[in-house]
Amino acid sequence: MRYTTIPNSLFVKNRKNFISEMKENAIAILTSNDVKHNNADDVMGFTQNNDLFYLSGIDQEETILVLYPDAYKEENREILFIKETNENIKIWDGEKLTKEQASQISGVKRVEWIQDFEMTLQYMAFEAEGFYLGHNEHLKRVTKDQETQQDRMIKWCKEKYPLHEYDRVAKITRNLRPIKSDDEIELMQKAVNISVEGFHRALKAAKPNVKEYEIEAELIYTLTKNGATRHAFKPIVASGKNACALHYNTNDGICKDGDMILLDFGVCYANYNSDTTRCFPVNGKFTERQKEVYTSVLHCLKEGAKLLKPGVISSEYETQMALLIETELIKLGLLNADEVVKQDPKKPLYKKYFMHGTAHHIGLDVHDVGLYSRPFEAGMTLTCEPGIYIQEEGIGCRLENDYLLTKDGNINLTEAMPIEIEDIEALMKKG
Ligand code: GLY
Ligand code: MN
Ligand code: MN
């Protein structure tokens, strides 16, 4: 592994919390993700299934975790199935986890080879009333046309055991995962710290006529050098009007003198993510207009972050954030106060310049699982990311931090990433 060993007490505790939410006499089955192919004989970088990782810490393909807390035989209460290696795999791909290593990482005592899964389950299924199965229920799920390992497990299990009861792993994990433990915060902080280093390199690399992807290269260098696994998502390096396309990520534009660059990027370290956005001038000095817009967005970030506190519901927070931005849009001369008073509340005028949500859970997923109807709680980690996008002026500005909510106020995990105009200009001074 590139990352430092995670104490297995994290996964032991996660399993304990998970099984305490299970119905009586049920078996939970969690599977790893597939290895996805590019073309021909090449594969994409492997990304573990986050629910499986959360409950086991195993970061290897062809893994199954079975939890049966009410099993009659103690040995059947927790079993991890892993891929058995062979000479061929060793020669071509290198080492795979041994049973001892898998047990050490996860804290699960019983580890078996994956080919023994079906037969082992057969003995247990006879005793159990039902199953909990994993499935991607993310509200922005993008696997709709691809059959996943989880889809196959559901199909197989329901065919083989049609008369058992079925329930959803995700119903439990979506409630547990939003509340982060200290070990998880430490990993997220590590991801943020790498991002901060990447941002400093990006500032140094910016100059007129540099390509956006040259700045992206600085991020890749920093995350790889620091043992991160991958980008949290494909980074957005958007100069000038490119910043008005919210998910722009071709990063093939030329950064022009006088333009501003929007850099929205994240680091995935040990499967935990950061997600930050900063804006800075290509030539090191903000224009007066860029300063005005930036100052407005920074004000919304600072005020908006104060609204992220226990007891608040996401929709209430988003309403307050929209009001903050609306006020700034009037100050910037982009909206007319009288027209705003008369606007159709279903089609608010600010949508022309600000059109996205500004707080999402962050953790194992960048847009982490969690019900948005659930009030915010201490222990949750959320982004705050207001933005103003002015197509006609070629200015897109978003600022994004990551916060840990506590009962005594927020902790800004991204505090070390420069954000004040003077600090950014000072850092960009060449020489
Ligand atoms: N870059 C994705 C987001 O900020 O949510
Ligand atoms: Mn975000
Ligand atoms: Mn972002």
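See the structure printed just above.
Going along each chain's sequence as written, the residues are numbered from 1 onward. Numbering of ligands from 1 and lettering of chains from A proceed in the order in which they are written. In keeping with the model being predicted, local features are shown solely for residues with a pLDDT of at least 70 and side-chain atom pairs are shown and tallied solely at 80 or more, while totals for entire chains, interfaces and linings include all residues. By convention in this description, side-chain values take in all heavy atoms of the structure and omit both hydrogens and water.

### Examining the coordination of the manganese ion (ligand 2)
Metal coordination angles in their ideal form are 109.5 degrees for the four-donor tetrahedron and 90 or 180 degrees for the six-donor octahedron.
Link 1 in the chain: Donor atoms from the polypeptide that bind the manganese ion (ligand 2) are Asp-275 (OD), His-360 (NE2), Glu-385 (OE) and Glu-400 (OE), placed at 2.0 to 2.2 Å.
Link 2 in the chain: For Na, K and Ca the donor cutoff is 3.2 Å, while for all other metals N, O and S atoms must lie within 2.8 Å; water is not among the atoms, so some sites may look incomplete. Every angle between 85 and 135 degrees makes a four-donor site tetrahedral, while opposite donors more than 155 degrees apart, with all other angles between 65 and 115, make a four-donor site square planar and a six-donor site octahedral; other sites are irregular. Classification of the site at the manganese ion (ligand 2) as irregular follows from its 6 donor atoms and the range of 52 to 163 degrees in their angles at the metal.
Link 3 in the chain: All donors of the manganese ion (ligand 2) come from a single chain, and their spacing in sequence reads D-x84-H-x24-E-x14-E.
Link 4 in the chain: In this structure, the manganese ion (ligand 2) lies 3.4 Å away from the manganese ion (ligand 3), the two metals sharing Asp-275 as a donor. One end of the pair, His-360, is in the loop between helix H12 (337-342) and strand S13 (381-384); the other, Glu-385, is in the loop between S13 and strand S14 (387-390), and 25 residues separate them in sequence.
Link 5 in the chain: Relative accessible area serves as the criterion here: at 9%, Glu-385 is assigned to the buried category. For the purposes of this entry, the term helix denotes a DSSP run of H or I that reaches at least four residues, the term strand denotes a run of E that reaches at least two, and both are numbered from the N terminus. Each residue gets one of three labels from its accessible area relative to the maximum for its type: buried under 20%, exposed over 50%, partly exposed in between, using a 1.4 Å probe on protein chains only.

### Points about helix H6 (residues 149-160)
Link 1 in the chain: A helix is expected to reach a length of 1.5 Å times the quantity of its residues less one. Taking 1.5 Å of rise per residue, 12 residues should cover 16 Å, and H6 covers 16 Å from first to last C-alpha, within 8% of that figure.
Link 2 in the chain: Along H6, the positions that sit buried rather than exposed are Gln-150, Asp-151, Met-153 and Cys-157. One side of H6 holds all its buried residues, which, seen down the axis, span an arc of 160 degrees. Structural note: H6 exposes Lys-155 and Glu-159 on the side pointing more than 90 degrees away from its buried face. It is the directions from the helix axis to the C-beta atoms whose arc is reported.

### Side note on the site of ligand 1
Link 1 in the chain: Near, as used in this document, describes a residue that has one of its heavy atoms within 4 Å of the molecule or strand being considered. In the neighbourhood of ligand 1, the contacting residues comprise Phe-233, Asp-264, Asp-275, His-360, His-367, Glu-385 and Glu-400.
Link 2 in the chain: A distance of 3.1 Å separates an oxygen atom of ligand 1 from a polar side-chain atom of Asp-275.
Link 3 in the chain: Take His-360: an N or O atom from its side chain is 3.0 Å from an oxygen atom of ligand 1.
Link 4 in the chain: Surface burial for ligand 1 is 87%, taken as the share of its 200 Å² of free accessible area covered by protein chains. Pairs of N or O atoms are called polar contacts if they sit within 3.5 Å, as long as, within protein, a hydrogen donor faces a hydrogen acceptor (for residues adjacent in sequence, only side-chain-to-side-chain pairs). A 1.4 Å probe and the Shrake-Rupley method give the accessible areas. Residues count as covered only by the protein chains that appear here.

### Here we look at the packing of aromatic side chains
Link 1 in the chain: When the centres of two rings from Phe, Tyr and Trp lie within 6.5 Å, Trp using its six-membered ring, the rings pair. Their planes under 30 degrees apart give stacked, over 60 give edge-to-face, and anything left gives tilted. Under the defined criterion, the tally for this structure stands at 11 aromatic pairs.
Link 2 in the chain: When the ring of Phe-11 is compared with that of Phe-53, the centres are 5.7 Å apart and the planes differ by 80 degrees; the resulting orientation is edge-to-face. One end of the pair, Phe-11, is in helix H1 (residues 9-19); the other, Phe-53, is in helix H2 (residues 50-56), and 42 residues separate them in sequence.
Link 3 in the chain: Among the residues examined, Phe-11 registers a relative accessible area of 1% and is labelled buried.
Link 4 in the chain: Judged by its relative accessible area of 0%, Phe-53 is buried.
Link 5 in the chain: A centroid spacing of 5.5 Å and a plane angle of 45 degrees characterise the contact between Phe-131 and Tyr-161, whose relative ring orientation is tilted. Of this pair, Phe-131 sits in strand S5 (residues 130-133) while Tyr-161 is found in the loop between H6 and strand S6 (165-168), placing the two residues 30 residues apart along the sequence.
Link 6 in the chain: Assessed through its relative accessible area of 1%, Phe-131 is described here as buried.
Link 7 in the chain: We classify Tyr-161 as buried; its relative accessible area is 10%.

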